[in-house]
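Fold and contact review
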Amino acid sequence: MKTTEKSVSDVLDDKKYKYGFQTLIEADTFAKGLNEDVIRAISKKKNEPQFMLDFRLKAYKKWLTMKQPEWPNVHYPPIDFQDVSYYSAPKPKKKLESLDEVDPELLRTFEKLGIPLDEQKKLSNVAVDAVFDSVSVATTHKKKLMEVGIIFCPISEAVQEYPELIEQYMGSVVPVGDNFYAALNSAVFTDGSFVYIPPDTISPMDISTYFRINTEETGQFERTLIICAENSYVSYLEGCTAPQFDTNQLHAAVVELVTMDNAEIKYSTVQNWYAGDMETGKGGIYNFVTKRGKCVGKNSKISWTQVETGSAITWKYPSCILQGDNSVGEFYSVALTNGYMQADTGTKMIHIGKNTRSSIISKGISADHSSNSYRGQVKVNKGAANARNYSQCDSMLVGDKCSAHTFPYIESANSSVQLEHEASTSKISEEQLFYFEQRGISRENAITAVINGFCKEVFKQLPMEFAVEAQKLLTLKLENSVG
Amino acid sequence: MLEVKDLRAGFDGSEIIKGISLSVKAGEVHAIMGPNGSGKSTLAKVLAGHPSYEVTGGEISFNGENLLEIEPEQRALKGIFMGFQYPVEIPGVNNAEFLRMAYNARLVNEGQEELDPLDFDDILTEKMKMLSMEKKYRERNLNDGFSGGEKKKNEILQMAILQPKLAVLDETDSGLDIDALRVVSDGVNKLKSADNALILITHYQRLLEYIQPDFVHVLSQGKIVKSGEKGLALELEAQGYDWLTPTN
């Protein structure tokens, strides 16, 4: 069906990147280059306590000994880390006391991105931390959240206001030397969000951070830390866009999540960084991100949902360390690549506690000249009796110039575990299939229905406006793939 | 219709059903009662052909065919319906669309044309009315986020649409409040005919006040320890199951 294929590609091409504008604003930007003095300067700029500077310097020393990873299935010229500026912030007129004092130009930028921040228009049911290049420029609903004891603020503020929490938890999930980009981030991170949900608290609203890269030759190194204490729950959303430049921008973030007994964090991402020119592949964001959650407490749960639709290169594995007994890790992903995008994404589920369960549902859709790889690791330690994992990776190709790859790694040191890995569109849970079969529906029809259905579920986890757009895109692809 | 002879079956290497014989004729309603763990649900799953359960001995024939050689999907198409105790949630799959898939599978099997969504809608509307089901059921995803009672109602809706020859209802009454129980029972009663048969698996006598069984069988430790008529259920209600426990 050549004609159908073409129309689908056309539709995709028509979806021009609508966030590609740059805001002209006076900025305080560091000269390019990285050395110990730059790190000291960032730390000073942020007015950080000594422990934070020590953390950064330790990470930097580690980073110097490390190499850029070569194992991902992505290809790009080596990055010159001395040709990047490590700090850029819009110049504030004075210290901000309230949202009303945020530079109107910045407010307009976020409004244009669909994220109104001013007090009258702000999203009523979502608290937003807006990060512009290296700094957080506004955080909404802070007071309302504080009333129930929830801390939601820029991480640079948290370093000063809640140093004991930061010192205890930062690096507790992603150690400074974890990998090349995490080490770099640990040395030079500039801002990001901090969330603390106290015990027995269900966050009254969704909490979100919106990341915007604005300056052309600046790297964005943000750091997010979310701690959910006993019996608490929060749903967190992250959105990202960047202007259209012909050069590549580096985005190397670290996200750490911590859940205590019976706590749950649901972390959703809609990543729509500029992906580079559709025809030539020029420009776009290098998205090298380390995201990891640790279920410290019993019966706790961390659920990652990601819809990856942008970036020239994505290197990202939102993972769960299931330390507490009966803890649950989930990873739901739809990764779309088109144009000349390259994605190597997936997850790691590390089972440490007893009866820990994890599920991985990855949907990779590749079109045009793009390359889409799923890379996932399920590791079960000796003590993780009765651990269970279900992994399913589904790849779909649109056209004949793209590629899809699956790299599953399974490692088990305990014999009582139950691990299932499906690398095609063939199986979901046996129970579901049996249900269909018991109604006289063939296995094949059952699988198709469940897979179509499950993708819908990934989108359903997202806020309405993102979900609708994502769903439309998927429907187009699926219509094309059937038959 | 259904002949079960000295059936032995289990799960994961352990034998749960230890020699059951049962004969069900068209037009009959059989109730199978018994304490938790007696093997009631296992029997239902074995009849439906659940892949996790292993038959280790005995025979099952359905309208003269050896059921044990038939795949679950084919068993369903031949008219065996199982009302699940815990219907699985299938997110993303629209309930009405699922029902149409099941209905069409049967039509195709009988060599008939499939129904399009509009034609099927008439059938669905009628059956939903019969079960006093709200419209929302058709919009929702299959069992997804349904309460226990809603799931059970949805099972009976499927039964109403598929019109099976033999329906095995596994603990359909559990999780239902009294109003829902009445509606579900009324629905099941309307579906009864001289041509079909019903096996009701239940822990409590309550359901049998609404759906009158012709026979009651008491299952304990994988065996039928007593069979009788309707009155047996009342005896059980008064005396519990202990007096029927087999002595080995």
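Each remark here, short or long, concerns the structure printed above.
An account of the accompanying structure is given in this report. (Residues numbered from 1 in each chain as written. Chains lettered and ligands numbered in written order. Predicted model: local features only at pLDDT ≥ 70, side-chain atom pairs only at ≥ 80, totals over all residues. Heavy atoms only, no water.)

Focus on the overall build of chain A
From N to C terminus, chain A includes 11 helices and 23 strands. Relative to its full complement of 483 residues, chain A shows a buried share of 61%. Sequence separation of 24 or more characterises 82% of the internal contacts of chain A that already satisfy a separation of 6 or more. Carbon and sulfur atoms make up 51% of the accessible area of chain A, which totals about 19100 Å². (Helix = DSSP H or I, 4+ residues; strand = E, 2+ residues; numbered from the N terminus. Buried < 20%, exposed > 50% of the residue type's maximum accessible area, 1.4 Å probe, protein only. Contact = heavy atoms within 4.5 Å. Areas by Shrake-Rupley, 256 points an atom, 1.4 Å probe, with all protein chains shown as cover.)

Quick look at the interface of chain B and chain A
Each side of the interface is counted separately: chain B has 30 residues, and chain A has 21 residues. Of the roughly 2200 Å² buried at the junction of chain B and chain A (both faces included), carbon and sulfur atoms supply 65%. On the surface where chain B and chain A come into contact, there are one salt bridge. In this structure, Glu155 of chain B engages Arg439 of chain A in a salt bridge whose closest nitrogen and oxygen atoms are separated by 2.6 Å. Here chain B and chain A share 10 residue pairs in polar contact (both at pLDDT 80 or more) between them. Among the residues forming the side of chain B that touches chain A, the class breakdown is 20 nonpolar, six polar and four charged. (Buried area = accessible area lost by both parts, 1.4 Å probe. Salt bridge = Lys/Arg side-chain N within 4 Å of Asp/Glu carboxyl O. Polar contact = N/O pair within 3.5 Å; in protein donor to acceptor, adjacent residues only side chain to side chain. Nonpolar A, V, L, I, M, F, W, Y, C, P; charged D, E, K, R; others polar.)

A word on the environment of Ser416 of chain A
Residues and elements named next belong to chain A. In this fold, Ser416 is placed in the loop between strand 22 (403-412) and strand 23 (418-422). Overall, the relative accessible area of 33% leaves Ser416 in the partly exposed class. Discounting chain neighbours no more than four positions away, the residues touching Ser416 are Ala385, Asn386 and Ala387. Only 2.8 Å separates the side chain of Ser416 from the backbone nitrogen of Asn386, close enough to count as a polar contact. Of the polar contacts made by the side chain of Ser416, one reaches the side chain of Asn414; its length is 2.7 Å.

Some thoughts on the packing of aromatic side chains
Tallied over the entire structure, the rule returns 25 aromatic pairs over all chains. With centroids separated by 5.1 Å and ring planes inclined at 90°, the aromatic side chains of Phe180 of chain A and Tyr181 of chain A adopt a geometry described as edge-to-face. Comparing Phe180 of chain A with Tyr181 of chain A, the two get one shared label, buried. Ring geometry for Phe434 of chain A against Phe84 of chain B: centres 5.8 Å apart, planes inclined by 80°, an arrangement best described as edge-to-face. Of this pair, Phe434 of chain A sits in helix 9 (residues 430-438) while Phe84 of chain B sits in the loop between strand 6 (80-83) and helix 3 (95-109), placing the two residues on different chains. Pair check on accessibility: Phe434 of chain A and Phe84 of chain B agree, each one buried. Three or more aromatic residues joined by ring pairs form one cluster here, namely Tyr60, Trp63, Trp71, Tyr76, Phe81, Phe180, Tyr181, Tyr286, Phe288, Trp315 and Tyr317 of chain A. In this structure, Arg223 of chain A packs its charged tip against the face of Phe189 of chain A, placed 5.6 Å from the ring centre. Note that Arg439 of chain A overlies the ring of Tyr435 of chain A, its terminal NZ or CZ placed 4.9 Å from the centroid. (Phe/Tyr/Trp six-rings, centres within 6.5 Å; stacked < 30°, edge-to-face > 60°. Lys NZ or Arg CZ within 6 Å of the ring centre and 35° of its normal.)

Structural notes on empty space enclosed by the protein
All names here are of chain A. Scanning all chains against the criterion turns up four cavities of 30 Å³ or more. Lining the largest cavity are 13 residues, and of these Ser362, Gly364, Asn372, Tyr374 and Ser395 sit closest to its centre. When contributions to the lining of the largest cavity are tallied by element, the ones reaching two or more residues are strand 19 (357-367), strand 20 (371-380), strand 21 (388-398) and strand 22. Class assignment of the residues belonging to the lining of the largest cavity gives a composition of four nonpolar, seven polar and two charged. (1 Å grid on protein atoms, 1.4 Å probe; cavity = no way out; pocket = protein on both sides within 12 Å on 5 of 7 lines; lining within 4 Å. Points joined across faces, edges and corners; volume = space filled by probe spheres on them.)

A closer look at the side chain of Thr337 of chain A
Residues and elements named next belong to chain A. When you line up the elements, Thr337 lands in strand 17 (residues 328-337). At 2.8 Å, the side chain of Thr337 and the side chain of Ser370 are in polar contact. Beyond its immediate chain neighbours, meaning those up to four positions away, Thr337 contacts Ala343, Ile365, Ser366, Ala367, Ser370, Ser371 and Asn372.

Structural notes on the pairing of strand 14 (residues 301-308) of chain A
All names here are of chain A. Most of strand 14 is tucked away, with seven of its eight residues classed as buried. Bridge count for strand 14 against strand 17 is eight bridges, and the pairing is parallel. Looking at strand 17, one finds that Gln306 is bridged to Ser333. (Pairing = 2+ DSSP bridges.)

A few points about the packing of helix 4 (residues 117-130) of chain B against helix 6 (residues 148-162) of chain B
Residues and elements named next belong to chain B. At a closest axis distance of 10 Å, the pairing of helix 4 and helix 6 adopts a crossing angle of 125°. By the angle between their axes, helix 4 is oblique relative to helix 6. Note that helix 4 runs across helix 6; the crossing there is right-handed. For the pair helix 4 and helix 6, the contacting residues are Phe120, Leu124, Lys127, Met128 and Met130 in the first and Leu157, Ala160 and Ile161 in the second. Among the residues making up the contact of helix 4 with helix 6, the classes are represented as seven nonpolar, no polar and one charged. (Axes fitted to C-alpha atoms, helices over the stretch in contact; angles between N-to-C directions. Parallel < 35°, antiparallel > 145°, perpendicular 65-115°, else oblique. Left-handed = near helix turned anticlockwise from the far one by under 90°.)

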